[in-house]
Every structure is written in C-alpha cells, then in structure tokens.
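Remarks on the overall topology
The residues making up each chain are set out below.
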Amino acid sequence: AIRACFVFLRMDEDLAAMGAETLALVQAVGVILLWSDRAFDGWSPLARVGERVILRPEIGAVIRAGYDPVLPAVARDPSHALRLAARMG
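Residues numbered from 1 in each chain as written. Predicted model: local features only at pLDDT ≥ 70, side-chain atom pairs only at ≥ 80, totals over all residues. Heavy atoms only, no water.

**Let's talk about the overall build of the protein**
Helices and strands together make up the secondary structure of the protein, namely 4 helices and 2 strands. Along the chain direction, N to C, the helices and strands of the protein fall in the order α-α-β-β-α-α. Oriented by its inertia axes, the alpha-carbon framework of the protein measures out at about 40 × 30 × 20 Å. Here the protein, with 89 residues, has 21% of them falling under the buried criterion. A total accessible area of about 7000 Å² is found for the protein, and carbon and sulfur atoms account for 58% of it. When the 10 basic and 10 acidic side-chain charges of the protein are each reduced to a single mean position, those positions are 9 Å apart. (Helix = DSSP H or I, 4+ residues; strand = E, 2+ residues; numbered from the N terminus. Buried < 20%, exposed > 50% of the residue type's maximum accessible area, 1.4 Å probe, protein only. Areas by Shrake-Rupley, 256 points an atom, 1.4 Å probe, with all protein chains shown as cover. Lys, Arg positive; Asp, Glu negative; His and termini not counted. Charge placed at Lys NZ, Arg CZ, Asp CG, Glu CD.)

**Re the nonpolar core**
Judged by nonpolar contacts, Val29, Leu33, Ile59, Val62 and Ile63 together constitute the single largest core of 5 residues. With 3 residues, helix α3 (residues 57-66) is the single largest residue contributor to this core. Apart from residues no more than four positions distant in its own chain, Val62 is found in contact with Leu33, Trp35 and Met88. (Core = buried A, V, L, I, M, F, W, Y, C linked by side-chain atoms within 4.5 Å. Contact = heavy atoms within 4.5 Å.)

**Focus on the side chain of Thr22**
Mapped onto the elements, Thr22 comes out in helix α2 (residues 20-32). Its relative accessible area of 19% is what places Thr22 among the buried residues. Discounting residues that sit within four places of it in the chain, Thr22 has contacts with Leu46 and Val53.

**Focus on α2**
If you check α2, its first and last C-alpha atoms are 18 Å apart, about what 13 residues at 1.5 Å a residue would give, namely 18 Å. When we look at burial in α2, the residues that qualify are Thr22, Leu23 and Val29. Buried residues of α2, viewed axially, fall in a sector of 130°; they line one side. In α2, those exposed residues whose orientation departs by more than 90 degrees from the buried face are Ala20 and Glu21. The inward-facing, buried residues of α2 contact α1 (13-17), β1 (46-49), β2 (52-55) and α3. (Expected span 1.5 Å × (residues − 1). Arc of directions from axis to C-beta.)

**Focus: the packing of α3 against helix α4 (residues 80-88)**
Close contact between α3 and α4 brings their axes to 9 Å; oriented N to C, the two are set at 115°. For the pair α3 and α4, the crossing hand works out as right-handed. Across the interface between the two elements, Glu58, Ala61, Val62, Ala65 and Gly66 of α3 pack against Leu84, Arg87 and Met88 of α4. Grouping the amino acids of the contact of α3 with α4 by side-chain chemistry returns 5 nonpolar, 1 polar and 2 charged. (Axes fitted to C-alpha atoms, helices over the stretch in contact; angles between N-to-C directions. Left-handed = near helix turned anticlockwise from the far one by under 90°. Nonpolar A, V, L, I, M, F, W, Y, C, P; charged D, E, K, R; others polar.)

Printed below as a string of structure tokens:
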C-alpha cells in the first residue's frame with residue numbers, strides 16, 4: 001500500500017507548456033499503481049473534453065479496482081489481473 005509518494009521532475013520545454021493541473025494528474029496516474037514502464041507509450045491516460053483534461057474512464061476503473069479494500073495491498077500472482085478485471089465490470 002502506498003504510504004507516501006514524491007515525484008521530482010526535471011522541467012523542460014514540453015513540461016513547462018503543460019498546465020499545472022494536467023501535469024499533476026498525469027504524475028498522479030503514473031504513481032498510484034505500478035504500471036508497466038511502457039503502459040502509456042503512444043497514448044495518454046488523460047483525455048481532453050472541451051477545455052478540460054480528465055482521466056480516461058478505463059484508467060479510473062483500473063485505479064478503483066486496484067484500491068478495492070477486499071483485494072490485497074500487494075499481489076505478485078498473475079491471476080490478480082483477473083480479479084481486477086472482474087471488478088471493472
């Protein structure tokens with residue numbers, strides 16, 4: 001279970017061009033679950049709706065499923081993915 005998380009960023013031109021809310025949301029998504037290092041290659045976990053940037057519903061569903069209180073805080077068994085999928089509906 002996550003007790004604390006610290007994110008240190010080296011700001012470059014691309015990051016500086018992002019809004020603070022968008023940058024915070026994408027970093028939160030990246031650290032709230034242990035994703036593959038290639039999980040978001042080629043696409044973003046965020047979506048733009050008009051002027052707003054939101055978390056994609058399928059990513060939100062994985063996060064909700066991962067923090068279901070009935071599930072263990074840590075699982076190394078590959079079948080855990082099936083338990084997450086069952087909670088996502």
